[in-house]
Amino acid sequence: MNDDVRNIVLGVVAAGISAALGWLARTYLWRRRLRRKQAFFGLPGNSESLLVVNREAGRDGSVHRFDVFALLELAALIKDCGANAQIVWHDITQQGLGERTEFCVGGPGSNRRMAAHLHSLLPGVKINTDAEPGPDQASFQIGSERYRMDRGVCEYVLLARLTTGDGARPVFLFCGQRAITNQAATRYLARHHEKLTRKHGDSTFCLLLKVINSHAYGPNVVELVADVTRTAQVPAPAAAPTSHRA
């Protein structure tokens, strides 16, 4: 074997070794990201989860189209984790907390399950469910702060990951002032779950998000207003709120 042939053979071997090492590195990183994602969502491979959805006001057996879009966003996340999902109505599920990962979509006025979660796990959050039009319709009160809805211009939604103890599967809440804000929260979670994992790990959190100009931008322009975890977990005082935000 002359020098030229030997150099060619060594080059091919080196390229093969480099390709194999690159593939192994990519596979390791992909699996590590997958394990982190599965841990954050409480969705190990082939596990079961619940998608709890409300019924559109005034229509039996139908779901608002933006809530359908929210379910599609969540279904993609669940599939990426190698898990399975079951869609159930809010008024027929009786699963206890922590048995299966749960994704609950909708406000407490139309979703009994959401109302129960807020009462039990986030007692510091009060939401106006009065159907009558007015300045406080669908407003959030979190501690002493009130967040009012300006329809289509400035709207709020809660995104929460809640757990009830070690080994319990998490409950994710998407509780918005309008259906389009529920979709905005699911999209925010899909885009930022890696950042949320780094910041919060597997712990409980409750974030207040603001949806900007949904008339023009739909669910795509979302700002983080505050991490309200501590305030939301403390029962709200009886006194009237001291601050109002639009």
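Each remark here, short or long, concerns the structure printed above.
Computed from a prediction, not measured in an experiment: that's the story for all the values here. (Residues numbered from 1 in each chain as written. Predicted model: local features only at pLDDT ≥ 70, side-chain atom pairs only at ≥ 80, totals over all residues. Heavy atoms only, no water.)

Counting through the fold element by element, H200 comes out in helix α4 (residues 179-200). Residues within four places of H200 in sequence aside, it is in contact with F205, L207 and D227. (Helix = DSSP H or I, 4+ residues; strand = E, 2+ residues; numbered from the N terminus. Contact = heavy atoms within 4.5 Å.)

Attention shifts here to unusual backbone geometry. Unusually for a residue other than glycine, A138 sits at a positive phi of about 65°. Tracing the chain through its elements places A138 in the loop between β4 (125-127) and β5 (140-142). Phi angles above zero are rare outside glycine, and N213 is one such case at about 50°. Looking at the secondary structure, you find N213 in the loop between β9 (205-212) and α5 (214-217). Taking the relative accessible area as the measure of exposure, N213 reaches 27% and is therefore partly exposed. (Buried < 20%, exposed > 50% of the residue type's maximum accessible area, 1.4 Å probe, protein only.)

This paragraph deals with α4. Taking 1.5 Å per residue as the helical rise, α4 with its 22 residues ought to reach 32 Å, whereas the 26 Å between its terminal C-alpha atoms falls clearly short. Along α4, the largest kink reaches about 70° and is centred on H192. A positive phi of about 60° marks G201, the residue just after α4. (Expected span 1.5 Å × (residues − 1). Bend = angle between axes of the 7 residues up to and from the residue.)

A few words on the pattern of salt bridges. Evaluation of the coordinates by the stated rule reveals five salt bridges. When the shortest N-O distance is used, the salt bridge between E73 and R187 registers 2.8 Å. Highlighted residues: E73 in helix α2 (residues 65-80) and R187 in helix α4, separated in sequence by 114 residues. Comparing E73 with R187 shows no difference in burial state: the two are buried. With a closest N to O distance of 2.8 Å, R113 and E102 form a salt bridge. Of the two residues, R113 sits in helix α3 (residues 112-121) while E102 sits in strand β3 (residues 101-105), which places them 11 residues apart along the sequence. Taking the relative accessible area as the measure of exposure, E102 reaches 0% and is therefore buried. (Salt bridge = Lys/Arg side-chain N within 4 Å of Asp/Glu carboxyl O.)

On to a positive patch on the surface, then. A grouping of R31, R32, R33, R35, R36, K195, R198 and K199 is seen on the molecular surface, where their side chains present a positively charged patch. Within the residue set of the positive patch, elements represented by two or more residues are α1 (3-41) and α4. With respect to the secondary-structure elements, R33 resides in helix α1. (Patch = residues over 30% accessible without salt bridge, like charges linked within 9 Å, V, L, I, M, F, W, Y side chains within 5 Å. Areas by Shrake-Rupley, 256 points an atom, 1.4 Å probe, with all protein chains shown as cover. Lys, Arg positive; Asp, Glu negative; His and termini not counted. Charge placed at Lys NZ, Arg CZ, Asp CG, Glu CD.)

Read across the open sheet, the seven strands follow the order β2-β1-β3-β8-β7-β9-β10; overall the sheet is mixed. For this open sheet the edge positions go to β2 (84-89) and β10 (222-227), each flanked by a neighbour on one side alone. Shown here is a sheet whose adjacent strand axes are inclined to one another by a mean of 20°, direction ignored. Two elements, strand β7 (residues 154-162) and strand β8 (residues 171-176), share six bridges in a ladder whose sense is antiparallel. Its bridge partner being in β8, R161 is matched across the sheet by F172. Its contacts with the sheet place α3 against β1 (48-53), β3, β7 and β8, and it is angled at close to 110° to β8. (Pairing = 2+ DSSP bridges. Axes fitted to C-alpha atoms, helices over the stretch in contact; angles between N-to-C directions.)

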